[in-house]
Amino acid sequence: MGKGIIAASLGKLLQARGFKVTNQKLDPYINIDPGTLNPYEHGECYVTVDGHEADLDLGHYERFLNVETHRANNITTGRIYQNVINKERRGDYLGKTVQIIPHITDEIKRNIKLLGAKGEFDFVITEIGGTVGDIESLPYIESVRQLKWEMGKNCLIVHLTYVPYLAAAKELKTKPTQHSVKALQEQGVQADILVLRTEHNISMDIRKKVALFCNVETSAVMQSIDVPTIYRVPLNMQQEKLDEVVLTKMGFDLEKTPAADMTKWIAFVEKLENATEEVRIGIVGKYVQLPDAYKSITESLLHASAYNNKKLKLELILSDKLDQENVEKKLGGLDGIIVAPGFGQRGMEGKFVALKFTREHNIPTLGICMGMQTMSIEFARNVLGYADANSTEIDPNTTHNVVDIMDEQKNILNLGGSMRLGAFKCKLKKGTKAYEIYGKENISERHRHRFEFNNAYKEEFEKAGMICSGMNIESNLVEIIELRSHKWYIGVQFHPEYSSTVVNPHPLFINFIQAAIKK
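The structure displayed is predicted, hence computed values, not measured ones. (Residues numbered from 1 in each chain as written. Predicted model: local features only at pLDDT ≥ 70, side-chain atom pairs only at ≥ 80, totals over all residues. Heavy atoms only, no water.)

Enquirer: Which parts of the structure should I look at to understand the nonpolar core?
Expert: Inside soluble globular proteins, nonpolar side chains tend to come together where they are buried. Counting residues in each nonpolar core, the largest one holds 74 residues, and the members touching the most others are L14, I193, L194, Y231, M237 and W265. Counting residues per element, this core draws most heavily on helix α1 (residues 3-16), which supplies 8 residues. Dropping the residues within four chain positions of it, L14 is found in contact with F19, V21, F123, I125, D243 and L247. (Core = buried A, V, L, I, M, F, W, Y, C linked by side-chain atoms within 4.5 Å. Buried < 20%, exposed > 50% of the residue type's maximum accessible area, 1.4 Å probe, protein only. Helix = DSSP H or I, 4+ residues; strand = E, 2+ residues; numbered from the N terminus. Contact = heavy atoms within 4.5 Å.)

Written out as structure tokens, the structure reads:
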């Protein structure tokens, strides 16, 4: 449906008027965080600077608003219940019977208000996952009902519904919207604004009909029509006057509120939509059947391609199916390759085949996280001659553990949260490509991994031309490797894709695309 994009678009429009805005996602599933979820089921796991594993919608919020999100920006039912149970165990409820109302709903309300209580923001936009009528969402909807009652004008409800088009009858049907609104009303919540997702323009007659049946003013019934790029959505919602209606309903004087300045945004969207020359980039990974599994990477590539005035032609290549026989056919015509992150053994051999090919054929290559680790293993096998070189994650008995687990991690058995998570500092070596790309010595990037490059091999690697160009000084861990003799062959242990935004595209991706363009 695109609740995340509409929430981020509203945030962008309010921000462009000079307000301080943050977005928050409430997820109804019982997992404590999305870190243990299969990417095929939920898309990528996004990581905040403070080391919280979050829903991929937080990536949209950051890319749109250019504001960092934190742990408080993503709440799951699992965390809500965990907090309430911990309080009950501590005796905080003084022997009372702990119930959904008021205890669970109070905890939800506390978490919704947490970001606003800091005084840093004028607006907190909270997106509730799932659909009206889901059994999981009931406590959230009830919390919203209470908040609306308690906060009055300071609380506003936007409801996103789908208006299907029946091709046979050539007609848009509003009945699903009416039912959805009615189901919400049955739970005591009246929407202030309706955003109708549609593939066809919704006429004024239909809007009036929806307004009448749903107790909403006609001006507060808006459409969100299909667009070729999500970055067009804020501009469409501005045309629909979403920000104006929100501000008016919340008691702001539009005469005294500056108009939204979307100049930079419009310039980016025009570059994105008007580029005609293609740059062909391949992502080699094990989750490519669900493109959302690499959402931040594909968006970072889009940003970088647009700023280089190129149209991104993305090829998703399943690493399980790559071998010596087909590698030239699959990778030969590409301008650049990204070897994607991922956990576990599946698809590893295909990544080695891809890396050997791009290393020997001088094709610009970026390895991210596990991608960097496979780069170092491939180099150890095929350049240093250690045939059994591996990561101890894949082969615990390898005699050449080029990638190994950190000492302090070795005794942690619980998978959830036993990783290097969040932003860590990295010092770049002067005179290297990494230093040239960032243009500064000290950087900070986000991590999500358990295994590291084994420093015992550092000297040997550097003698053979693979430079360790970025280091975490505090823990003496290798963060960036690069091949001196290659046009552009860089591996990073961190996830640069998490911090690329529309207004600030990431320098690594910008430079990677530049290298891919240069023939």
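From this point, the discussion proceeds with the structure in view.
Enquirer: Please explain the sheet that holds strand β15 (residues 390-391) as it appears in this structure.
Expert: For sheets, the rule is that strands pair by backbone hydrogen bonds, running either parallel or antiparallel. Spatially, β15-β16-β19 is the arrangement adopted by the 3 strands of the open sheet, whose pairing is mixed. Both outer strands of the open sheet, β15 and β19 (451-453), are each paired with one neighbouring strand and no more. As paired strands, β15 and strand β16 (residues 401-405) are joined by 2 bridges and run parallel to one another. The partner of S391 across the bridge, within β16, is V403. The strands that helix α15 (residues 370-382) touches are β15, β16 and β19; relative to β16, the one it contacts most, it runs at about 150°. (Pairing = 2+ DSSP bridges. Axes fitted to C-alpha atoms, helices over the stretch in contact; angles between N-to-C directions.)

Enquirer: Is there a simple way to think about the confidence of the model for the protein chain in this case?
Expert: Low pLDDT means the predicted atomic positions in that stretch should not be read closely. Taken residue by residue, the protein chain gives an average pLDDT of 93. The fraction at 70 or more is 97%. Ignoring residues within four places in sequence, the model shows residues 413-417, a span with pLDDT below 50, making 2 contacts including any to other chains. (pLDDT = per-residue confidence, 0-100.)

Enquirer: Honestly, the pattern of salt bridges in this entry has me stumped. Any pointers?
Expert: One side chain can pair with another of opposite charge once the charged atoms of both are near each other. Going through the model one piece at a time under the given rule, you end up with 36 salt bridges. Among the salt bridges present, the one from R90 reaches D92, with a minimum N-O distance of 2.9 Å. Overlapping salt bridges bring together K25, D27, D55, D57 and E127 as one network. (Salt bridge = Lys/Arg side-chain N within 4 Å of Asp/Glu carboxyl O.)

Enquirer: Mind showing me how you'd approach the layout of surface pockets here?
Expert: If a probe the size of a water molecule is rolled over the atoms, the empty space left behind becomes visible. Reported here for the largest pocket is a volume of approximately 1,500 Å³. Lining the largest pocket are 49 residues, and of these T126, E127, I128, L156 and V158 lie nearest its centre. Of all the secondary structure elements, the ones that give two or more residues to the lining of the largest pocket are α1, α3 (57-65), α5 (100-117), β5 (123-128), α6 (138-151), β6 (158-162) and α7 (175-186). Ranked by the residues each element gives to the lining of the largest pocket, the list is headed by α1, at 7 residues. Here the residues of the lining of the largest pocket sort into 30 nonpolar, 13 polar and 6 charged. Together, 27 residues line the second largest pocket, and G35, P39, C45, F343 and R448 are the ones closest to its centre. Its residues placed into classes, the lining of the second largest pocket shows 14 nonpolar, 8 polar and 5 charged. (1 Å grid on protein atoms, 1.4 Å probe; cavity = no way out; pocket = protein on both sides within 12 Å on 5 of 7 lines; lining within 4 Å. Points joined across faces, edges and corners; volume = space filled by probe spheres on them. Nonpolar A, V, L, I, M, F, W, Y, C, P; charged D, E, K, R; others polar.)

Enquirer: I keep staring at the sheet that holds strand β18 (residues 442-449) and nothing clicks. Help me out?
Expert: If you walk across this open sheet you meet the 9 strands as β12-β11-β13-β14-β22-β21-β20-β17-β18, and the pairing is mixed. A strand with exactly one partner marks an edge of an open sheet, and here the two such strands are β12 (311-318) and β18. Ignoring strand direction, the axes of neighbouring strands in this sheet form an average angle of 25°. Along the sheet face, helix α12 (residues 295-307) touches β11 (278-285), β12, β13 (336-339) and β14 (365-368) and points at about 155° away from the line of β12.

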